[in-house]
2 protein chains.
Amino acid sequence: MVVDTELSDVEVDRIFRALADATRRDIVRRTLVEEASVSSLAAAYEMSFAAVSKHVAVLEGAGLVTKHPHGRERLVRGNPDAIRRAQELLDAYERIWRDRIGRLDALLAEPETPAPHLTD
Amino acid sequence: MVVDTELSDVEVDRIFRALADATRRDIVRRTLVEEASVSSLAAAYEMSFAAVSKHVAVLEGAGLVTKHPHGRERLVRGNPDAIRRAQELLDAYERIWRDRIGRLDALLAEPETPAPHLTD
DNA sequence: AGTATCTACAACCATTTGGTTATACGTTAC
DNA sequence: GTAACGTATAACCAAATGGTTGTAGATACT
């Protein structure tokens, strides 16, 4: 079941912005494969723990990962729902494109056909 | 036919970064529906022409729109190929997730049985 | 020719971003 | 209890971002 929550502009901004960094995308990839503590993630990149911790915070703010305490560690887990919501956003653009092509096709076909659904 | 061009990290960065702004997403949407001159786009937003022109430049740099001269205007056209490439990127993350679930399933089932089909 | 329109580009400014180091705090291990 | 580990957070910095105004070059209109 897909929840189809309407995302605000700001939320969409955050999701795409979070994905616009190679380190963060790699963190998402790793934590989709399996949970990882922040420090184990930090060990994988040539930057400070604090920098990685910030990246994780950005991803968490976008909902792309969740973090839950486990002893003194915080385990980071990729959130497939957020990925799906981002996919739906891109699907919407594809749909716009296909609709446009559909309209052009209809235009080139018999002129009697009523104009297909058209929105602003 | 899909060309499956391998995108560099920097290119992926640019695509997601370009999508991380509501005005730019709206420009993509509009220009997927139909071509528009930069000034006609600028008329739609409460910011200067120069600002909109910059947004278009960012989208062009990410390959999300193309621009071609038409008299004194530059017509902006949304590029569905770039959208599709972005979709493929997100698909890759979904696939990682599904693979993980598949592996867990295989682990829980009797080791002889092949992993059952699993959907969300 | 002269004017209006469309665009590009430079210079500037405030804010955000992505990194750093240093400090403080909770948890685990000895 | 003390030391070591994992994390969060603050202060700081350089560079990028998103906006502005102003100037200048093409193209179109009359």
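One structure accompanies this document, and this report is about it. Just so you know, these numbers come straight off a predicted model, no measurement behind them. (Residues numbered from 1 in each chain as written. Chains lettered and ligands numbered in written order. Predicted model: local features only at pLDDT ≥ 70, side-chain atom pairs only at ≥ 80, totals over all residues. Heavy atoms only, no water.)

1. Some words on the protein's contact with DNA strand D
Within the structure, DNA strand D sits among 20 residues, and Ser-39 and Arg-74 of chain A together with Ser-48, Lys-54 and His-55 of chain B are positioned closest to it. Those atoms of DNA strand D that come within 4 Å of the protein belong to sugar or phosphate at a rate of 68%. Val-38 of chain A places a polar main-chain atom, nitrogen or oxygen, 3.3 Å from a phosphate oxygen of DNA strand D. Arg-24 of chain B is positioned with one of its side-chain polar atoms (N or O) 3.1 Å from a phosphate oxygen of DNA strand D. Contributing elements (two or more residues each) for the surface near DNA strand D: α3 (38-42), α4 (49-61) and β3 (73-78) of chain A together with α4 (49-61) of chain B. Class assignment for the residues of the surface near DNA strand D results in six nonpolar, six polar and eight charged. (Near = heavy atom within 4 Å. Polar contact = N/O pair within 3.5 Å; in protein donor to acceptor, adjacent residues only side chain to side chain. Helix = DSSP H or I, 4+ residues; strand = E, 2+ residues; numbered from the N terminus. Nonpolar A, V, L, I, M, F, W, Y, C, P; charged D, E, K, R; others polar.)

2. Quick look at the interface of chain B and chain A
Taken residue by residue, the interface counts 30 residues in chain B and 32 residues in chain A. Buried surface at the junction of chain B and chain A, summed over both partners, amounts to about 3,200 Å²; 59% is from carbon and sulfur atoms. Among the residues chain B hides against chain A, the three largest losses belong to Arg-25, Leu-90 and Tyr-93 of chain B. Together they make up 20% of the total. Applying the counting criterion to the chain B and chain A interface returns six salt bridges. Note that Asp-9 of chain A is salt-bridged to Arg-25 of chain B, the shortest N-O span being 3.8 Å. Our count for the chain B to chain A interface comes out at 10 residue pairs in polar contact (both at pLDDT 80 or more). Listing elements by their share of the side of chain B that touches chain A, those giving two or more residues are α1 (9-19), α2 (22-33) and α5 (80-108) of chain B. (Contact = heavy atoms within 4.5 Å. Buried area = accessible area lost by both parts, 1.4 Å probe. Salt bridge = Lys/Arg side-chain N within 4 Å of Asp/Glu carboxyl O.)

3. Let's talk about the sheet that holds strand β2 (residues 65-70) of chain A
All names here are of chain A. Spatially, three strands are ordered β1-β3-β2 in an open sheet, and the strand pairing comes out antiparallel. What marks the edges here is a single partner per strand, and that holds for β1 (36-37) and β2. Pairing of β2 with β3 involves six bridges; the strand directions are antiparallel. Within β3, the residue paired with Thr-66 across the bridge is Arg-77. The strands touched by α4 are β2 and β3; relative to β2, the strand with the most contacts, the crossing angle is about 120 degrees. (Pairing = 2+ DSSP bridges. Axes fitted to C-alpha atoms, helices over the stretch in contact; angles between N-to-C directions.)

4. Topic: the relation of the copies chain B and chain A
With an RMSD of 0.1 Å, the fit of chain B onto chain A corresponds to turning through 180 degrees and sliding 0.0 Å along the axis. A rotation of that kind, with that shift, is consistent with a two-fold axis. A shared binding surface is used by both copies, with 100% of the interface residues of chain B retained as interface residues in chain A. (Least-squares fit on C-alpha atoms with pLDDT ≥ 70 in both.)

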